[in-house]
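# An overview of the molecular structure
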Amino acid sequence: MNGCMKSEFSRSVGWSVAVMSAMVAAVYFLVSTPVASQEEDATEGDRHAHEMTDVWDIARGGELYDNWMAVMEVDAPEGTHPAYPAAGKQEGPGTWRCKECHGWDYMGVEGGYSKGSHYTGIKGVRGVAGMEPEKIHDIIMNKTHAFTKEMMPHSAMEKLALFLSRGQIDVDQYIDRKTKAARGNAGRGAGFYQNICAVCHGFDGKTMNFGDDAAPEFVGTVAADNPWEALHKIRFGQPGVGMVALGVLPIQDLVDILAYAQTLPTE
Ligand code: HEC
Ligand code: HEC
């Protein structure tokens, strides 16, 4: 059809139009080729999607622990979580996040949330590290947690259990509880930071402001104020946005990145 039109035009209008139509055909070819190969990619992608590794599942579980609603792009259930204590200072959507009751350090009332505006008095999840994931399924879906199958699809719950069983770390080994200093080598972390993180956050960590103009929050701010949160996000990414998850690397590399992030400007 295209070729037919082309010869029709060349005969009646002349040489320059023939060249132009050839160019149009060439452009058409260039534009259409990527579409065809994208379709092939989709099939290839599907195949690989069924070969997701445990490493990836654990990383996704860690991200779900941070904020399963943002990962799954769903609205939070109505109101405050029924197990959230009435005396607690938080309310609404945030109270449905695992981290809100169990902490960034997985230690609940024994860790960073032992006091302050995130205090709930609820225990941590360190006790289930190493437990069979199937047993953790029952805990996540128990009455206290009030998650329905619609809120928490099986595939998400499985990843959470894998993370809790095999992806948790003993944070006190990597972050000094009193000074909040990462037990890492900032000089070594700089190389990782500049090659991986700076693409999105800038060399000074200030490209994106997670707070607002009045109370700015940068990579350096989070790393200094809440190194447990920063380490969790370095390992698993930021829910709902395209941040990399580096949990596949040795933990000490990530602690080194955290140590370097703690040298970045906080305001
Ligand atoms: C609103 C508060 C709240 C939220 C949100 C919450 N939990 Fe819990 N969780 C609890 C309470 C309360 C217990 C029971 C603690 C006890 O036995 O004293 C518990 C217990 C657990 C335990 C067992 C810990 C142990 O050692 O016995 C696990 C595992 C757990 N939760 C995982 C999760 C996961 C995963 C999420 C997110 C999908 C989550 N929780 C969200 C309140 C919460
Ligand atoms: C591909 C882009 C990308 C890369 C690479 C990346 N991030 Fe992020 N990061 C983001 C985005 C997007 C956000 C969310 C920004 C927002 O919420 O405003 C974010 C959020 C954060 C936050 C703030 C979380 C919060 O809300 O408290 C920290 C801390 C962070 N990143 C650290 C890092 C570190 C350290 C690295 C390198 C290991 C890194 N990021 C690599 C895109 C990236």
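Residues numbered from 1 in each chain as written. Chains lettered and ligands numbered in written order. Predicted model: local features only at pLDDT ≥ 70, side-chain atom pairs only at ≥ 80, totals over all residues. Heavy atoms only, no water.

Averaged over all residues, the pLDDT of the chain is 87; the fraction at 70 or higher stands at 81%. Counted against residues more than four places away or in other chains, residues 1-21, with its pLDDT under 50, gives six contacts. (pLDDT = per-residue confidence, 0-100. Contact = heavy atoms within 4.5 Å.)

This brings us to helix 9 (residues 227-236). Most of helix 9 is tucked away: ten of the ten residues are buried. Residues P227, W228, E229, A230, L231, H232, K233, I234, R235 and F236 constitute the buried set of helix 9. Along its buried surface, helix 9 packs onto helix 3 (54-72), helix 6 (154-167), helix 8 (219-225) and helix 10 (251-261). Phi for G237, located one or two positions after helix 9, is positive at around 90 degrees. (Buried < 20%, exposed > 50% of the residue type's maximum accessible area, 1.4 Å probe, protein only. Helix = DSSP H or I, 4+ residues; strand = E, 2+ residues; numbered from the N terminus.)

For the rest of this paragraph, the subject is the coordination of the iron atom of ligand 2. Protein ligation of the iron atom of ligand 2 involves H201 (NE2) and M243 (SD), the donor distances falling in the range 2.0 to 2.3 Å. Coordination geometry of the iron atom of ligand 2: the six donor atoms subtend angles of 87 to 177 degrees at the metal centre, consistent with an arrangement described as octahedral. With H201 in helix 7 (residues 186-201) and M243 in the loop between helix 9 and helix 10, this residue pair connects regions lying 42 residues apart in the sequence. Residue class for H201 comes out buried when judged on its relative accessible area of 11%. Since its relative accessible area comes to 29%, M243 is described here as partly exposed. (Donors = N, O, S within 2.8 Å, 3.2 Å for Na, K, Ca; no water. Tetrahedral: all angles 85-135°; square planar, octahedral: opposite > 155°, others 65-115°.)

Let's shift gears to the site of ligand 2. Around ligand 2 lies a shell of 17 residues, among which C197, C200, H201, G242 and M243 are the nearest. A distance of 2.8 Å separates a nitrogen atom of ligand 2 from a polar side-chain atom of H201. In this structure, an oxygen atom belonging to ligand 2 sits 3.2 Å away from a side-chain N or O atom of Q238. At the level of secondary structure, the elements contributing two or more residues to the shell around ligand 2 comprise helix 7 and helix 9. Looking at which element gives the most residues to the shell around ligand 2, the answer is helix 7, with four residues. Grouping the amino acids of the shell around ligand 2 by side-chain chemistry returns eleven nonpolar, three polar and three charged. (Near = heavy atom within 4 Å. Polar contact = N/O pair within 3.5 Å; in protein donor to acceptor, adjacent residues only side chain to side chain. Nonpolar A, V, L, I, M, F, W, Y, C, P; charged D, E, K, R; others polar.)

For the iron atom of ligand 1, every protein donor is listed as H102 (NE2) and H145 (NE2), and the spread of their distances is 1.9 to 2.0 Å. Exposure remark for H145: the relative accessible area of 19% places this residue in the buried category.

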